[in-house]
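Each chain, written out:
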Amino acid sequence: MDFEAARVKMVENQVRTTDVTSHSVLSAFFAVPRENFVPEKSKLLAYIDCDIETAPAAAGKPARFLMEASPLAKLLQLGAITKEDKVLDIGCGTGYVSAVLSLVAGKVVALESDADLAAQAKTNLAALGYENVTVVTGDLEKGHAGDAPYDVIFLNGSIEQLPQALLDQLGEDGRLIAVLGYGHAARATVFMRERGAFSENVFFNASIKPLPGFAKAKEFVF
């Protein structure tokens, strides 16, 4: 399969057609070999217009996915990320989004709760020379305070609630990009920190796979 041609088709047919105009985001999608971040059995499907499973559900853990290109690009564009920015990539999986971010940001901290996925991300990123990415392991909902504050925090999946711990790790003028809610009613939202206060702006509906660790605790009903 001609993966380079498939990558060009993905950008031209899936990404550009959904109002993604950021030159840096488009260039990164053209450059990063998506096929290197999916399981061997899925390489021929790396550029299709859907989510791709990167780890099956097992031992109580939910399945994990590489996000479909179009909503991913739209979400990254919302961050207005530059080479001056330090980004926390939450739920980095096998490292694809971290690789994309490495080309648009100055530094990337890639956080993953699954040790096997974190190891894959380290291997994949090192093999391709993305040297400005550091992979760390920990609970996604807690973020990674050790490298805070961040200019941008990006969540690699939908969440039901946003922990205050993540907002606390945003620097001044920082942006946090999240999809709040599950299913077709979920909303792409950007939280911004300015003079210590937070604002929230909703941009579009986005149905993407959820990240583990962000569900609301079930309340007891009499």
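Residues numbered from 1 in each chain as written. Predicted model: local features only at pLDDT ≥ 70, side-chain atom pairs only at ≥ 80, totals over all residues. Heavy atoms only, no water.

Visitor: Can you lay out the overall build of the chain for me, pointing to particular residues and giving the numbers?
Guide: Regarding its fold elements, the chain presents six helices and nine strands. In terms of overall size, the chain behaves like a compact globule, its C-alpha atoms giving a radius of gyration of 16 Å where 222 residues would be expected to give roughly 17 Å. Projected onto its principal axes, the C-alpha coordinates of the chain cover approximately 55 × 40 × 30 Å. Across the 222 residues that make up the chain, the buried fraction comes to 49%. (Helix = DSSP H or I, 4+ residues; strand = E, 2+ residues; numbered from the N terminus. Rg over C-alpha atoms; globule rule 2.2 N^0.38 Å. Buried < 20%, exposed > 50% of the residue type's maximum accessible area, 1.4 Å probe, protein only.)

Visitor: Report on helix α5 (residues 115-127), specifying residues and quantitative values.
Guide: Compared with the 18 Å implied by 1.5 Å per residue over 13 residues, the 18 Å span of α5 between its first and last C-alpha is a close match. Within α5, burial applies to Leu 117, Ala 118, Ala 121, Asn 124 and Leu 125. An end-on view of α5 places all buried positions within 130 degrees of arc, on one side of the element. Turned more than 90 degrees away from the buried face of α5, the exposed residues are Asp 116, Thr 123, Ala 126 and Ala 127. Each element contacted by the buried residues of α5 is listed here: β1 (52-55), β2 (64-66), α4 (96-104), β4 (107-112) and β5 (133-137). Where α5 begins, one side-chain oxygen reaches toward the backbone nitrogen of Asp 116, 2.9 Å away; that side chain belongs to Asp 114. Backbone geometry just after α5 places Gly 129 at a positive phi near 80 degrees. (Expected span 1.5 Å × (residues − 1). Arc of directions from axis to C-beta. Contact = heavy atoms within 4.5 Å. Polar contact = N/O pair within 3.5 Å; in protein donor to acceptor, adjacent residues only side chain to side chain.)

Visitor: Break down unusual backbone geometry for me, with residues and values.
Guide: In this structure, Pro 149 follows Ala 148 across a cis peptide bond, with omega equal to 5 degrees. Among the structural elements, Pro 149 can be located in the loop between β5 and β6 (150-159). For Asp 19, which is not glycine, the phi torsion reads 65 degrees and is therefore positive. With respect to the helices and strands, the residue Asp 19 is situated in the loop between α1 (3-15) and α2 (23-31). For Ala 80, which is not a glycine, the phi torsion comes out positive at approximately 45 degrees. In this fold, Ala 80 is placed in the loop between α3 (69-78) and β3 (86-90).

Visitor: Which residues make up the sheet that holds strand β8 (residues 187-194), and what are the values?
Guide: Ordered by their spatial adjacency, seven strands build an open sheet running β5-β4-β3-β6-β7-β8-β9, and the pairing between neighbours is mixed. Strands with a single pairing partner mark the edges of an open sheet, and in this sheet they are β5 and β9 (197-205). Neighbour to neighbour, the strand axes of the sheet diverge by 15 degrees on average, direction disregarded. Across six bridges, the pairing between strand β7 (residues 170-180) and β8 is antiparallel. (Pairing = 2+ DSSP bridges. Axes fitted to C-alpha atoms, helices over the stretch in contact; angles between N-to-C directions.)

Visitor: Give a detailed account of the layout of surface pockets, specifying residues and quantitative values.
Guide: Here the largest pocket is characterised by a volume of approximately 160 Å³. Listing elements by their share of the lining of the largest pocket, those giving two or more residues are β1 and α5. Classifying every residue of the lining of the largest pocket by side-chain character gives five nonpolar, two polar and four charged. (1 Å grid on protein atoms, 1.4 Å probe; cavity = no way out; pocket = protein on both sides within 12 Å on 5 of 7 lines; lining within 4 Å. Points joined across faces, edges and corners; volume = space filled by probe spheres on them. Nonpolar A, V, L, I, M, F, W, Y, C, P; charged D, E, K, R; others polar.)

Visitor: Give me the lowdown on the pairing of β6, citing residues and values where you can.
Guide: A large share of β6 lies buried, amounting to nine of its ten residues. Bridge count between β3 and β6: four bridges; the pairing is parallel. Across the sheet, residue Val 87 finds its bridge partner in β6, namely Val 152. Bridge analysis of β6 against β7 gives six bridges, and the strand direction is parallel. What sits directly across from Tyr 150, in β7, is Leu 170.

Visitor: Please give an account of the packing of α1 against α2 that cites residues and values.
Guide: The N-to-C vectors of α1 and α2 enclose an angle of 145 degrees; their axes lie 8 Å apart at closest approach. Along its contact with α1, which presents Arg 7, Val 8, Met 10, Val 11, Glu 12 and Val 15, the element α2 presents Leu 26, Phe 29, Phe 30 and Ala 31. Classifying every residue of the contact of α1 with α2 by side-chain character gives eight nonpolar, no polar and two charged.

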